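Coordinate analysis (summary)
Each chain, written out:
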Amino acid sequence: MVKLTMIARVTDGLPLAEGLDDGRDLQDAEFYKQQVKALFKNLSRGQNEPSRMSVETGPYIFHYIIEGRICYLTMCDRAYPKKLAFQYLEDLKNEFERVNGSQIETAARPYAFIKFDTFIQKTKKLYQDTRTQRNISKLNDELYEVHQIMTRNVQEVLGVGEKLDQVSQMSSRLTSESRIYADKAKDLNRQALIRKWAPVAIVLGVVILLFWVRKKIW
């Protein structure tokens, strides 16, 4: 069965639409939605992932297609036919482009096309039962094959992004630490100068004071 459906802009990971009732019957729905958002963020980094891919996560599989800088993603049971999952995404893609194509690039807020949920729900119902004559016909349709679409593990996919985050954090930490060391070095230099010239300044101060006192007395 189709469990989750989300649509996002690849350039910045901005979520544009999703199935509003997705996850009601799904345990740990929020956990998987966070994984989806992490996948979108990963894609927004421009890591040249395939335009069509399946990503295994626990008992489910994320399937996604990227077209026109938009990612259409669904999460299904592992037993759900891969071919139907991608046909479902193609249907969403065609309608989303037709209805919202001219506004996609200018969308500035999350879920700007939330009304698209109506079409998502209607289309999802058509694909839920794999035994209907309609879906059996789609499974037998040789015009749309998915055998060459890559399947990877979610840890493998997100691991790339996590490593980049770690490198970024390490770089920031080193920059911060170098600034701290530079400030400490300045303080040490200042203290060294004070220790070096303080006695001289004191002696000069005493001499000047003595001359001033002597002048006053005489």
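Residues numbered from 1 in each chain as written. Predicted model: local features only at pLDDT ≥ 70, side-chain atom pairs only at ≥ 80, totals over all residues. Heavy atoms only, no water.

Per an unreviewed UniProt entry, the recorded name for the chain is 25.3 kDa vesicle transport protein, and the organism is Rhododendron simsii. Here the chain is described in UniProt, under the heading Sequence similarities (unreviewed entry), as follows: "Belongs to the synaptobrevin family." (UniProt positions renumbered as here; feature names shortened; annotations may be inferred.)

**Considering the sheet that holds strand 5 (residues 70-77)**
Across the sheet, six strands lie side by side as 2-1-5-4-3-6; this open sheet has mixed pairing. Both outer strands of the open sheet, strand 2 (15-18) and strand 6 (150-153), are each paired with one neighbouring strand and no more. Ignoring strand direction, the axes of neighbouring strands in this sheet form an average angle of 20 degrees. Pairing analysis gives eight bridges linking strand 4 (residues 60-67) to strand 5, with the strands arranged antiparallel. Along strand 5, the bridge assignment pairs Tyr64 with Leu73. Sheet contacts for helix 2 (residues 82-100): strand 1 (2-9), strand 2, strand 3 (52-57), strand 4, strand 5 and strand 6; angle to strand 4, the most-contacted strand, approximately 40 degrees. (Pairing = 2+ DSSP bridges. Helix = DSSP H or I, 4+ residues; strand = E, 2+ residues; numbered from the N terminus. Axes fitted to C-alpha atoms, helices over the stretch in contact; angles between N-to-C directions. Contact = heavy atoms within 4.5 Å.)

**Observations concerning the pairing of strand 3**
For strand 3 and strand 4, the ladder comprises six bridges, and the chain directions are antiparallel. Across the sheet, Arg52 pairs through a bridge with Ile65, a residue of strand 4. The antiparallel pairing of strand 3 with strand 4 creates a hairpin that spans two residues between the two strands, and Gly58 there sits at a positive phi of about 55 degrees. Direction of pairing for strand 3 relative to strand 6: parallel, over a ladder of four bridges. Within strand 6, the position partnered with Glu56 by the bridge is Asn153.

**Concerning the pattern of salt bridges**
Taken as a whole and judged by the stated rule, the model has ten salt bridges. Here Glu18 and Lys33 are joined by a salt bridge, their closest N and O atoms 3.3 Å apart. Note that Glu18 is positioned in strand 2 and Lys33 in helix 1 (residues 29-44), a separation of 15 residues in sequence. Accessibility classification places Glu18 together with Lys33 in one group, the buried group. The partner of Glu95 in a salt bridge is Arg98, and the shortest N-O contact between them spans 2.8 Å. (Salt bridge = Lys/Arg side-chain N within 4 Å of Asp/Glu carboxyl O. Buried < 20%, exposed > 50% of the residue type's maximum accessible area, 1.4 Å probe, protein only.)

**Details of the packing of helix 2 against helix 3 (residues 117-128)**
At a minimum axis distance of 10 Å, the contact between helix 2 and helix 3 shows a crossing angle of 155 degrees. The angle between helix 2 and helix 3 places the two elements in the roughly antiparallel class. Seen from above, helix 2 lies across helix 3 with right-handed handedness. Residues Leu84, Gln87, Tyr88, Asp91, Leu92 and Glu95 of helix 2 form the contact with helix 3, whose own contacting residues are Phe119, Ile120, Thr123, Lys124 and Tyr127. (Parallel < 35°, antiparallel > 145°, perpendicular 65-115°, else oblique. Left-handed = near helix turned anticlockwise from the far one by under 90°.)

**A short note on the packing of aromatic side chains**
This structure, assessed with the given rule, holds seven aromatic pairs. Each ring, one from Phe96 and one from Phe116, has its centre 5.0 Å from the other, and the planes form 80 degrees; the classification is edge-to-face. Of this pair, Phe96 sits in helix 2 while Phe116 sits in the loop between helix 2 and helix 3; the two residues are 20 residues apart in sequence, bridging distant segments of the chain. By relative accessible area, Phe116 is classed as buried at 6%. A centroid spacing of 5.4 Å and a plane angle of 35 degrees characterise the contact between Phe116 and Phe119, whose relative ring orientation is tilted. For the pair shown, Phe116 and Phe119 are each scored as buried. Among the aromatic residues, ring-to-ring pairing joins Tyr72, Phe96, Phe113, Phe116 and Phe119 into one connected group. The ring centre of Tyr127 lies 4.5 Å from the NZ or CZ of Arg134, which sits over that ring. (Phe/Tyr/Trp six-rings, centres within 6.5 Å; stacked < 30°, edge-to-face > 60°. Lys NZ or Arg CZ within 6 Å of the ring centre and 35° of its normal.)

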